[in-house]
Amino acid sequence: MNYTFYGLVTLRMSESNSIGNPYILLTPGPLSTSSSVKEVMLRDWCTWDDDYNLNVVQPIQRRLVELATASDGYSSVLMQGSGTFCVESVIGSALPEDGKLLIIANGAYGRRLAQIAEILKINREVLEFGESELPDLSQIREALDRDQDITHVAIVHGETTTGMLNPIHEIGEIVNQAGRIYIVDAMSTFGGIPIDVQETGIDFLISSANKCIQGVPGFGFVVARKSRLKECEGRARSLSLDLYSQWNQMEEGGGKWRFTSPTHTVRAFAQALKELEEEGGIAKRFERYRENHRLLISGMEELGFQCLLPASCQSPIITAFHNPDSSRYEFREFYRRLKEKGFVIYPGKVTNVDTFRIGTIGHVFPDDFRRLIKAVGESIYWKSE
Ligand SMILES: *Cc1c(COP(=O)(O)O)cnc(C)c1O
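Since the model is a prediction, treat every value here as computed from it, not as a measurement.

The subject of this paragraph is the overall build of the chain. When helices and strands are counted, the chain shows 13 helices and 16 strands. The C-alpha atoms of the chain give a radius of gyration of 21 Å, which matches the 21 Å a tight globule of 385 residues would have. With the C-alpha coordinates of the chain rotated into their principal frame, the extents come out at 65 × 50 × 35 Å. Contacts in the chain between residues far apart in sequence, at least 24 positions, make up 69% of those at least 6 positions apart.

Here the focus is the pattern of salt bridges. What the rule picks out here adds up to 20 salt bridges. For Glu-278, the salt bridge identified is with Lys-274, shortest N-O distance 3.5 Å. A residue pair is termed a helical-turn pair when its members lie 3 or 4 positions apart in one helix, as Glu-278 and Lys-274 do in helix α10 (residues 263-279) at four residues. Judged by relative accessible area, which is 45%, Lys-274 ranks as partly exposed.

Within the sequence span of helix α6 (residues 168-177), burial applies to Ile-168, Ile-171, Gly-172, Ile-174 and Val-175. Within α6, the buried residues cover an arc of 165° as seen down the axis, which keeps them to one side. Structural note: α6 exposes Glu-173 and Gln-177 on the side pointing more than 90 degrees away from its buried face. Those residues of α6 that are buried lie in contact with β5 (100-105), α5 (137-146), β7 (152-156), β10 (181-185) and α7 (197-200). Following α6 by one or two positions, Gly-179 adopts a phi angle in the positive range, close to 70°.

To continue, consider the packing of aromatic side chains. Aromatic ring pairs are described here by two measures, namely the spacing of the ring centres and the angle between the planes. As enumerated under the stated definition, the model contains 14 aromatic pairs in all. A centroid spacing of 5.1 Å and a plane angle of 80° characterise the contact between Phe-219 and Phe-269, whose relative ring orientation is edge-to-face. With Phe-219 in strand β12 (residues 219-225) and Phe-269 in helix α10, the pair connects residues that are 50 residues apart, well separated along the chain. The class of Phe-269 is buried, set by a relative accessible area of 0%. Each ring, one from Phe-221 and one from Phe-269, has its centre 5.8 Å from the other, and the planes form 45°; the classification is tilted. Here the residue Phe-221 occupies a position in strand β12, and Phe-269 occupies one in helix α10, the gap between them amounting to 48 residues. Residue classification places Phe-221 among the buried positions, given a relative accessible area of 0%. Counting every residue linked through ring pairs, the aromatic cluster contains Phe-305, Phe-321, Tyr-329, Phe-331, Phe-334, Tyr-335 and Phe-356. The ring centre of Trp-45 lies 3.6 Å from the NZ or CZ of Arg-43, which sits over that ring.

Another aspect to go through is the domain arrangement of the chain. We note that the domain assignment places domain 1 (3-35 + 281-379) and domain 2 (39-276) within the chain. The C-alpha centroid of domain 2 is placed 27 Å from the C-alpha centroid of domain 1. Each partner contributes residues to the interface: domain 1 has 33 residues there, and domain 2 has 31 residues. Note on domain 1 versus domain 2: buried area summed over both sides is about 2600 Å², and carbon and sulfur give 58% of it. Summed over the three residues of domain 1 that lose the most area to domain 2, namely Ile-282, Arg-285 and Lys-349, the buried surface amounts to 25% of that side. Summed over the shared surface of domain 1 and domain 2, the result is zero salt bridges.

Here α10 crosses helix α11 (residues 281-302) at 80°, and the two axes come no closer than 7 Å. The orientation of α10 relative to α11 falls into the category roughly perpendicular. When α10 is examined against α11, the residues Glu-275, Leu-276, Glu-277 and Glu-279 are found in contact with a partner set consisting of Gly-281, Ile-282, Lys-284, Arg-285 and Arg-288. Residue classes in the contact of α10 with α11 are distributed as two nonpolar, one polar and six charged.

A separate point is the site of the ligand. Near the ligand you find Ser-82, Gly-83, Thr-84, Tyr-109, Arg-112, Val-156, Gly-158, Thr-160, Asp-185, Met-187, Ser-188 and Lys-211, and these make up its full shell. One of the backbone N or O atoms of Gly-83 is found 3.1 Å from an oxygen atom in the ligand. A distance of 2.5 Å is found between an oxygen atom of the ligand and a side-chain nitrogen or oxygen belonging to Thr-84. Within the complex, the protein chains bury 85% of what would otherwise be the 380 Å² of accessible surface of the ligand. Those elements that provide at least two residues to the shell around the ligand are α3 (83-94) and α4 (108-119). Per-class residue counts for the shell around the ligand are three nonpolar, six polar and three charged.

What follows is about the sheet that holds strand β13 (residues 318-322). Strand order in the open sheet made by the three strands is β13-β16-β15, with antiparallel pairing throughout. Pairing within the sheet leaves two strands with one partner each, and these edge strands are β13 and β15 (346-347). Two elements, β15 and strand β16 (residues 355-359), share two bridges in a ladder whose sense is antiparallel. Across the sheet, residue Tyr-346 finds its bridge partner in β16, namely Arg-357.

What follows covers the sheet that holds β5. Across the sheet, seven strands lie side by side as β4-β12-β11-β10-β7-β5-β6; this open sheet has mixed pairing. The open sheet has two edge strands with one neighbour each: β4 (74-80) and β6 (123-128). Looking at each pair of strands side by side, their axes are set apart by 20° on average, direction ignored. Taken together, the four bridges between β5 and β7 define a ladder with parallel strand orientation. Opposite Ile-103, over in β7, you have Ala-154 as the bridge partner. Sitting on the sheet, α3 touches β4, β5, β7, β10, β11 (204-208) and β12, and the angle it makes with β11 is about 160°. Its contacts with the sheet put α5 on β5, β6 and β7, and the angle it makes with β6 is roughly 155°.

Criteria and thresholds
- Every chain is numbered on its own, with residues counted from 1 as its sequence reads.
- Note on the predicted model: pLDDT of at least 70 is required for a residue's local features to be given, and 80 or more for side-chain atom pairs to be given and counted; whole-chain, interface and lining totals, by contrast, use all residues.
- Water and hydrogen atoms were dropped before computing side-chain values, which therefore reflect all heavy atoms in the structure.
- Under the scheme used here, helices are H or I runs from DSSP no shorter than 4 residues and strands are E runs no shorter than 2 residues, and both carry numbers assigned from the N terminus.
- We compute the radius of gyration from the C-alpha atoms alone; for a globule the expected value is 2.2 Å times N to the 0.38, where N is the number of residues.
- Contacts between residues were defined by any pair of non-hydrogen atoms, one from each residue, lying within 4.5 Å.
- Each reported salt bridge corresponds to a side-chain nitrogen of Lys or Arg within 4 Å of a carboxyl oxygen of Asp or Glu.
- Any residue under 20% of the maximum accessible area for its type is buried, any over 50% is exposed, and the rest in between are partly exposed; the area is computed with a 1.4 Å probe on protein chains only.
- Throughout, the arc means the angular range of directions from the helix axis out to the C-beta atoms.
- Pairs were defined over the aromatic rings of Phe, Tyr and Trp, the Trp ring being its six-membered one, requiring ring centres within 6.5 Å. Orientation was assigned from the angle between planes: stacked under 30 degrees, edge-to-face over 60, tilted for the rest.
- Working rule: Lys NZ or Arg CZ, within 6 Å of ring centre, within 35 degrees of ring normal, means a charge sits over the ring.
- For every domain, the bounds stem from an assignment made automatically or drawn from a database.
- Buried area is calculated as the accessible area (1.4 Å probe) missing from two parts once they are joined, with the contributions of both summed.
- Every axis in this analysis is a line fitted to C-alpha atoms, fitted for helices over the stretch in contact. Angles between the N-to-C directions lie between 0 and 180 degrees.
- Just so you know how the angles are binned, under 35 degrees is roughly parallel, over 145 roughly antiparallel, 65 to 115 roughly perpendicular, and the rest oblique.
- Think of it as three bins: nonpolar holds Ala, Val, Leu, Ile, Met, Phe, Trp, Tyr, Cys and Pro, charged holds Asp, Glu, Lys and Arg, and polar takes everything else, Gly as well.
- Proximity is defined per residue: if any heavy atom of the residue lies within 4 Å of a molecule or strand, that residue is considered near it.
- Pairs of N or O atoms within 3.5 Å make up the polar contacts considered here, provided that, within protein, one atom can donate a hydrogen while the other can accept it, and that residues adjacent in sequence are counted only when both atoms are side-chain atoms.
- For every accessible area listed, the method is Shrake-Rupley and the probe measures 1.4 Å; residues are considered covered only by the protein chains on display.
- Should DSSP find at least two bridges between two strands, the strands are regarded as paired.

What follows is the structure, given as structure tokens:
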């Protein structure tokens, strides 16, 4: 079926290549969303009206907690902005003036946690590991034993730089045993990989609308222990990113945001949550992402590409591949050719290795990856020897 977009470009429509999209996004967010998620944005909402707060915002808050735990000791807060705004809001609101943050980093997003703490002038220590390395648990244990000033520990779950899946359960056990507060940036994994915040010992889990829940960009959210949220009162280092005040207003005001909320994005997110449920929940979505990932890896390896990470620590969210070391290959041209065929991939972000990345999350399906592999085969080498 053909669809005319602004009367200028005629685009082919398919299941995932829906209205207005000349290509699908195989990126770590924003990602491809369903037509139905985009369609619900066609009406306007009053940010102060019950229709919006009671029927859209509050059910989202409740659902997010249900997706993260069966415990009633947790609550959720929504926060305007991209995912980083939410991370900054948690770090800036959870750490007391005399607190100290231990940051475990093995990629760009881990280093971003440290950068936030630095800018907010929060006392900190950074345990940095190689980008293709799992964090060393004994070093984390030692750091917590050695330095009693450390009050909080922060780590990224799915390190989007490489696709590395960090061992948040094992680290959670260490952090909990040491009596410290545990902050997890699960931006690129929550909704796509099952996580139980209580079992994992997480005090603050952070994610955003436009990753595995498959909404559109505009806000992030935090699922946190209520007792920890209460402790944040008066600690914020920013007015707009004050996590406690935002939570308190949503609790007291029946789902009201403090400042203009991204109404259309929030309505789209409610639809995305409904579609997650229709798919069979997080476990089923995880299966689809794993199947996408399995097809991607086997197809790419057959074409001669090599993954950066060993399969044992690789997430099914995004995968980094080495750029082929060939005079017949050039990433920019490879990218352009794939885009022409309907696929947008992602450049690399690893510091010392020449890579590119392909995401397997979003409203994308095994058939899309079968088509992708065919397109990659036709696009990789175009120059003659
Ligand atoms: C996407 C992402 C973020 C947030 O990035 P924004 O560009 O601010 O949305 C943070 N951490 C991780 C691990 C991510 O994948």
